[in-house]
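# Descriptive analysis of the structure
Chain by chain, the residues run as shown.
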Amino acid sequence: MSPPSRRPRPRKDRFRILSVDGGGIRGLIPALVLAELERRVREESGEELALSDCFHLFAGTSTGGLIALGLTVPNRKRPPRPRLTAEDLVRLYRDEGPRIFARSVWQRIRTLGGWVGPKYSIDALKQVTEERFGDARLRRALRELVVTSYDMRNREPHFFKRWRAAQSADRNPTMVEAALATSAAPTYFPSVALGDRALVDGGVFAANPTVAAVAEALKRESAAPSQLTSRDLLVVSLGTGMRETGFEQRHVSRWGKVGWIKPRGGELPLLGAMLDGQSDAADHWAHMILNHEPGDPFPRPDEIGVSGPRYFRLQRRLPESLEMDDASPRAIAAMEAVAAELISDRDAQLTEIARRLARAGPIPRDPA
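Here goes a summary of the coordinates provided. Keep in mind that this is a model prediction, so the values were computed, not measured.

Thresholds applied
Residues numbered from 1 in each chain as written. Predicted model: local features only at pLDDT ≥ 70, side-chain atom pairs only at ≥ 80, totals over all residues. Heavy atoms only, no water. Helix = DSSP H or I, 4+ residues; strand = E, 2+ residues; numbered from the N terminus. Rg over C-alpha atoms; globule rule 2.2 N^0.38 Å. Buried < 20%, exposed > 50% of the residue type's maximum accessible area, 1.4 Å probe, protein only. Contact = heavy atoms within 4.5 Å. Areas by Shrake-Rupley, 256 points an atom, 1.4 Å probe, with all protein chains shown as cover. Lys, Arg positive; Asp, Glu negative; His and termini not counted. Charge placed at Lys NZ, Arg CZ, Asp CG, Glu CD. Core = buried A, V, L, I, M, F, W, Y, C linked by side-chain atoms within 4.5 Å. Axes fitted to C-alpha atoms, helices over the stretch in contact; angles between N-to-C directions. Parallel < 35°, antiparallel > 145°, perpendicular 65-115°, else oblique. Nonpolar A, V, L, I, M, F, W, Y, C, P; charged D, E, K, R; others polar.

### What to know about the overall build of the protein
In terms of regular secondary structure, the protein is built from 13 helices and eight strands. Here the C-alpha atoms of the protein give a radius of gyration of 20 Å, agreeing with the 21 Å that 2.2 N^0.38 yields for 368 residues. Each principal axis of the C-alpha distribution contributes one length, and for the protein these read about 60 × 55 × 40 Å. Expressed as a percentage of the 368 residues in the protein, the buried residues total 53%. In the protein, the proportion of contacts linking residues at least 24 apart, taken out of those at least 6 apart, comes to 75%. Counting every atom, the protein has about 16900 Å² of accessible surface; 53% of that belongs to carbon and sulfur. Treating the 56 positive side-chain charges of the protein as one cloud and the 47 negative ones as another, the clouds have centres 3 Å apart.

### Things to note about the nonpolar core
Of all hydrophobic cores here, the largest spans 77 residues; its most connected members are Leu34, Leu37, Phe55, Leu69, Leu71, Phe133 and Leu145. The greatest single-element share of this core, amounting to nine residues, is contributed by helix α1 (residues 28-45). In this structure, Leu69 is in contact with Phe133, Leu138, Leu145, Val147, Met175, Ala178 and Ala179, ignoring residues within four places of it in sequence. Of all hydrophobic cores here, the second largest spans 14 residues; its members include Ile17, Ala59, Leu228 and Ala286.

### Considerations on the packing of helix α12 (residues 329-345) against helix α13 (residues 347-360)
The N-to-C vectors of α12 and α13 enclose an angle of 75°; their axes lie 4 Å apart at closest approach. Here α12 is positioned roughly perpendicular relative to α13, judged by the angle of their axes. Residues Ile343, Ser344 and Asp345 of α12 form the contact with α13, whose own contacting residues are Asp347, Gln349 and Leu350. Of the residues in the contact of α12 with α13, the class split is two nonpolar, two polar and two charged.

### Some remarks on helix α2 (residues 63-72)
Along α2, 10 of the 10 residues are buried, which leaves the element largely enclosed by surrounding structure. Within the span of α2, buried status applies to Thr63, Gly64, Gly65, Leu66, Ile67, Ala68, Leu69, Gly70, Leu71 and Thr72.

Treat this as a map of the structure, not an account of what it does.
Below is the structure:
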């Protein structure tokens, strides 16, 4: 028999992190879950709290980066409040997804269907984010940010962070520019130029940015709360749905360049392997860092991030293949059904998270 679990109680959730994976239009799934979480926090607290009142740090990759930025964009009032709610982001995906993932006949011809150029123009995404985010710069974000991208010129990860933006004008783009850079998924959208950088979607190295966010929290030395340990954290990580199509060795062994990038089962095998592998690994690492106690049995895959106490992972398998750029009414309806099932299945965990956030109370706004 395994020894009883020795789980110290969390230390009042001193530092709270919200992290959202990449996944294109499937960002609708976490947006719907976050709208429900925001509703429950308000119900538990009796106050009109926004998620930016509840989390110290927002992390995101690609569509998750867009969500992280969207939830921390300030309005023009003093003191500033969030310009967008989680429900506003739900409407963004529902209403603007078809515009973002639309191709003109000329775009199809010019790129040979995406084979010799990006599948989509970035113009629609730029217009949509400008309409929602305005001209706010990164240093004015309401909370700390870790939004991922990758610099193809210097061949290194590039992170959009509020504290860096406050220190250097070179690291202080508009929040629209940050959203475009983190969303620039190879083959889907063109890279984004910032200074001498050629930035693409951070999913090439961190499809699930949870561990990057945890590392950022543990590095805090001066800005309160600081000198944190893993026991001080409450981390809520949201996926965008998963459907991992398996391939037999007899097929994979014969793939050349075309085989790895030819769409199969609704995804490019190379891109799917990169994104799924990174996300699963980050999920396991986060659980072991935050939830696992010495002497406890190692978790089964279906136990990772389920019951906390410091790391909660909200993710669900997709009943069918939903491509990252499929914004059709059928796909939107399918994603809404997945989100509803996830909310129902994880009702107890969502309630616990909402209660802990409400109990912690709103985080004071700082002048950054």
